[in-house]
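Secondary and tertiary structure notes
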Amino acid sequence: MRVGLYPGTFDPVTYGHIDIIRRACSLVDRLVIGVAINRDKGPLFSLEERVAMVEAEAAPLGKAVGCEIEVHPFENLLIDCARDVEASVIIRGLRAVADFEYEYQMVGMNRALDDSIETVFLMAEAEHQAIASKLVKEIARLGGDVSKFVSPSVNRALLERFSA
């Protein structure tokens, strides 16, 4: 069984993330979505909320494409998380060239830590390339419409968070 790990903070999960999840499912039999705790980023949503959002968005997708999907919170090194879930491949989404420089450094470090785990980059589809969780949160915080970037349930969660 080929296992992939798609890590991120998913704060919140966007249509860009969902696009990468859907496409990653065609590469692996089991996809583990690693929701990073990452206290340094100061997430808008709690770990539990982010896990629930990812589960709600990914479950129907996994059933539709015939891929086993698991959501797994983690706070350790990415390479250690990959080992923990027995992933042979780490899936990373790229939006633009700017993402590549950081990702290139990460791959080099991860390969130095464990060269048996490959990293695969998936470019976001054109309509999703501009979507970034950070920008979605900023637009929502300022009262803008983010319904083009997130599912209705995530949109509701953002509206609730910023109307409080």
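An account of the accompanying structure is given in this report. (Residues numbered from 1 in each chain as written. Predicted model: local features only at pLDDT ≥ 70, side-chain atom pairs only at ≥ 80, totals over all residues. Heavy atoms only, no water.)

**Points about helix α6 (residues 152–163)**
With twelve residues, α6 should reach 16 Å at 1.5 Å per residue; the first-to-last C-alpha distance of 16 Å fits that figure. Within the span of α6, buried status applies to Val154, Asn155 and Leu158. Projected onto a plane normal to the axis of α6, the buried residues spread over an arc of 105° and lie on a single side. Exposed residues pointing more than 90 degrees away from the buried face of α6 are listed as Pro152, Leu159, Glu160 and Ser163. (Helix = DSSP H or I, 4+ residues; strand = E, 2+ residues; numbered from the N terminus. Expected span 1.5 Å × (residues − 1). Buried < 20%, exposed > 50% of the residue type's maximum accessible area, 1.4 Å probe, protein only. Arc of directions from axis to C-beta.)

**A short note on the environment of tyrosine 104**
Inspection of the secondary structure puts tyrosine 104 in helix α4 (residues 97–113). On the basis of relative accessible area, tyrosine 104 is assigned to the exposed category, the value being 57%. Taking the C-alpha atoms as reference points, tyrosine 104 and threonine 119, separated by 15 residues in sequence, lie 9.9 Å from one another.

**Examining the pairing of strand β5 (residues 118–123)**
Where strand β4 (residues 89–94) and β5 come together, six bridges link them in parallel fashion. Following the sheet pairing, arginine 92 is matched in β5 by phenylalanine 121. Handedness of the β4-α4-β5 crossover: right-handed. (Pairing = 2+ DSSP bridges. Right-handed = clockwise from strand over helix to strand, strands pointing away.)

**A word on the environment of alanine 24**
Structurally, the position occupied by alanine 24 is in helix α1 (residues 15–25). With 20 residues separating them in the primary sequence, alanine 24 and glycine 4 have C-alpha atoms 7.8 Å apart. With residues up to four places along the chain from it excluded, the contact list for alanine 24 reads Leu31, Ile91 and Leu122. (Contact = heavy atoms within 4.5 Å.)

**So, the sheet that holds strand β2 (residues 30–36)**
Overall, parallel pairing links the five strands, which are arranged β3-β2-β1-β4-β5 in an open sheet. What marks the edges here is a single partner per strand, and that holds for β3 (68–74) and β5. This sheet shows a mean twist of 30° between the axes of neighbouring strands, independent of strand direction. In the packing of α1 onto the sheet, contacts are made with β1 (3–8), β2, β3, β4 and β5, and the angle to β5 comes to roughly 125°. (Axes fitted to C-alpha atoms, helices over the stretch in contact; angles between N-to-C directions.)

**Comments concerning the pattern of salt bridges**
Enumeration over the complete set of coordinates arrives at twelve salt bridges. Across the salt bridge formed by glutamate 125 and arginine 23, the nearest N and O atoms sit 3.8 Å from each other. Here the residue glutamate 125 occupies a position in the loop between β5 and α5 (133–141), and arginine 23 occupies one in helix α1, the gap between them amounting to 102 residues. Among the residues examined, glutamate 125 registers a relative accessible area of 33% and is labelled partly exposed. Its salt-bridge partner being arginine 141, residue glutamate 138 comes within 2.8 Å of it at the nearest N-O pair. (Salt bridge = Lys/Arg side-chain N within 4 Å of Asp/Glu carboxyl O.)

**Remarks on α5**
Among all positions in α5, only Ser133, Val136, Lys137 and Ala140 are buried. Burial along α5 is one-sided: seen end-on, the buried residues are contained in an arc of 100°. Elements in contact with the buried residues of α5: α1 and α6. With its phi angle positive at about 85°, glycine 143 sits one or two positions after the end of α5.

**Considerations on the nonpolar core**
If you look at the biggest cluster of nonpolar residues, it comprises 32 residues, and the most contacted ones within it are Leu31, Ile91 and Leu158. Looking at this core, the elements that each hand over two or more residues are α1, β2, α2 (47–65), β4, α5 and α6. Element by element, the count of residues in this core is highest for α2, at six residues. If you look at the next biggest cluster of nonpolar residues, it comprises 13 residues, including Phe74, Ala82, Val85 and Ile90. (Core = buried A, V, L, I, M, F, W, Y, C linked by side-chain atoms within 4.5 Å.)

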